[in-house]
Amino acid sequence: MVDFSGDWLTAIDIAISAILSAALVALYFKQTRILESQRELLTQELNREARQQHTETLRERVRLWHGNPDRETGETPIDGPDMNLPGVAGASFKTAPVGSYAVTPLDEEEFEIIPSQLQGDRYLQDLLNNHAPDLREAKEEIERLHHRFVSLREEFREEYDESEIVEKEEYKLEPADFFSRWVFEQIVLLGRDRYDGLEDLQDVAISRLEKGDSGVHSDEPLIWIRVDRGGGSSFAIYSASIDDYNREELNELRSSAEEDTKELVEQALTKIDKEHPYSLAYEAAEVLDDAKEAIEELERILMEYEGRPIYTGDCKYLDEAKI
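Residues numbered from 1 in each chain as written. Predicted model: local features only at pLDDT ≥ 70, side-chain atom pairs only at ≥ 80, totals over all residues. Heavy atoms only, no water.

Quick notes on the pairing of strand E7 (residues 233–241)
Moving on, step 1. Here strand E4 (residues 172–175) runs beside E7; their pairing, made up of four bridges, is antiparallel. Counterpart to Lys172 in the pairing with E7 is Ser241.
Moving on, step 2. The pairing of strand E6 (residues 222–230) with E7 spans eight bridges and is classified as antiparallel. Bridge assignment links Val227 to a residue of E7, and that residue is Phe235. (Pairing = 2+ DSSP bridges. Helix = DSSP H or I, 4+ residues; strand = E, 2+ residues; numbered from the N terminus.)

Points about the sheet that holds E6
Strand pairs in the sheet, formed through backbone hydrogen bonds, run parallel or antiparallel to each other.
Moving on, step 1. One open sheet accounts for five strands, arranged E3-E4-E7-E6-E5; its pairing is antiparallel. Edge positions in the open sheet fall to strand E3 (166–167) and strand E5 (215–216), since each of these has one partner strand only.
Moving on, step 2. As judged from the two bridges shared by E5 and E6, these two strands associate in the antiparallel manner. Counted as the bridge partner of Gly215 is Trp224 from E6.

Looking at the confidence of the model for the protein chain
Moving on, step 1. Per-residue pLDDT for the protein chain averages 85, and the proportion of residues at 70 or more is 80%.
Moving on, step 2. Below a pLDDT of 50 lies the segment residues 77–81, which in the model reaches 18 contacts outside its immediate sequence neighbourhood of four places, other chains included.
Moving on, step 3. Counting interchain partners and residues more than four positions distant, the pLDDT-below-50 stretch residues 101–107 has 18 contacts. (pLDDT = per-residue confidence, 0-100. Contact = heavy atoms within 4.5 Å.)

As for helix H5 (residues 198–210)
Moving on, step 1. Counted at 1.5 Å a residue, the expected span for H5 with its 13 residues is 18 Å, and the 19 Å between its end C-alpha atoms agrees.
Moving on, step 2. Looking at H5, one finds that the buried residues are Leu201, Gln202, Ala205, Ile206 and Leu209. Across the axial projection of H5, the buried residues extend over an arc of 125°, all falling on one side. The outward face of H5, more than 90 degrees from its buried face, is lined by the exposed residues Glu199 and Glu210. (Expected span 1.5 Å × (residues − 1). Buried < 20%, exposed > 50% of the residue type's maximum accessible area, 1.4 Å probe, protein only. Arc of directions from axis to C-beta.)

Thoughts on a negative patch on the surface
Moving on, step 1. The grouping of Glu199, Asp203, Glu263 and Glu266 at the surface amounts to a negative patch.
Moving on, step 2. Its location among the elements puts Glu266 in helix H6 (residues 247–270).
Moving on, step 3. With relative accessibility at 39%, the residue Glu266 sits in the partly exposed group. (Patch = residues over 30% accessible without salt bridge, like charges linked within 9 Å, V, L, I, M, F, W, Y side chains within 5 Å. Areas by Shrake-Rupley, 256 points an atom, 1.4 Å probe, with all protein chains shown as cover. Salt bridge = Lys/Arg side-chain N within 4 Å of Asp/Glu carboxyl O. Lys, Arg positive; Asp, Glu negative; His and termini not counted. Charge placed at Lys NZ, Arg CZ, Asp CG, Glu CD.)

Details of the packing of helix H4 (residues 179–191) against helix H7 (residues 278–307)
Moving on, step 1. The geometry of H4 relative to H7 is characterised by a closest axis approach of 8 Å and an angle of 55° between their N-to-C directions. As far as their axial angle goes, H7 and H4 are oblique. Here H4 runs over H7; the crossing is right-handed. Where H4 approaches H7, its residues Phe184, Ile187, Val188, Leu190 and Gly191 are matched on the opposing element by Tyr278, Leu280, Ala281, Tyr282, Ala284, Ala285 and Leu288.
Moving on, step 2. In the contact of H4 with H7, the residues fall into 11 nonpolar, one polar and no charged. (Axes fitted to C-alpha atoms, helices over the stretch in contact; angles between N-to-C directions. Parallel < 35°, antiparallel > 145°, perpendicular 65-115°, else oblique. Left-handed = near helix turned anticlockwise from the far one by under 90°. Nonpolar A, V, L, I, M, F, W, Y, C, P; charged D, E, K, R; others polar.)

Below, the structure written as structure tokens:
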């Protein structure tokens, strides 16, 4: 009789060994998955921490750009630079602070939407390019409106021809370079309802002309007829030049030149209508109204980003920090 007990034991041993091996393999894979899961969780946590730190870096730029994000709610930007934002005055744009304070350059060549502290800042550029496309679009819209306003103003100045030259025996009275710009501003103010009609515009304009602190040129035979623009500033809109003169005569002729200038200004302002080129200034008034809304939208978006816990989007700084 053949004994198969040894073969059965061997088979059983092999089966048990296979089962144990399979169990060990399963346990190994389970442990591996657990370790991989833990590693993935750790990686996610570290990457989340890197994004959080980057968000805080970008949030600092948002707060600096706004200038005062902790102010009380319910306020809206007024006509002028608010915090570190650009602004809209009665008849012009106002730049964001380009130094220690906000200024209004005469030709607005220095108009900036971003304050000087953030000019060229790499993290602000990262914010605009990679994390806040709506903020970039708001900035670009203000830039577009500013460019349109300046274009309308320059076109008006090139085409406006209602200023007159008066030659008298004592002097020659002619418009200064700023005259057409000043007329443009008055129409913009009228278009934005800052005057109660054309008659009110004329009355206020003459009043500011009387406060303009006209004076005699220090070196040349010129009398500058100035108009007050508020805030302690004034600009010459007409000049009276004299060929044969002495200093006493210049002072005596100043009152006469001022009166003649008033008449010329009144004549120029009575010709204002809705036709070209005056329509350019009325369109510029609408652009300023749109710009005021665009700046309010810029502030709204800045406040929204100031309150966001995490900024989405990828960039090289996050790529470098990723594990």
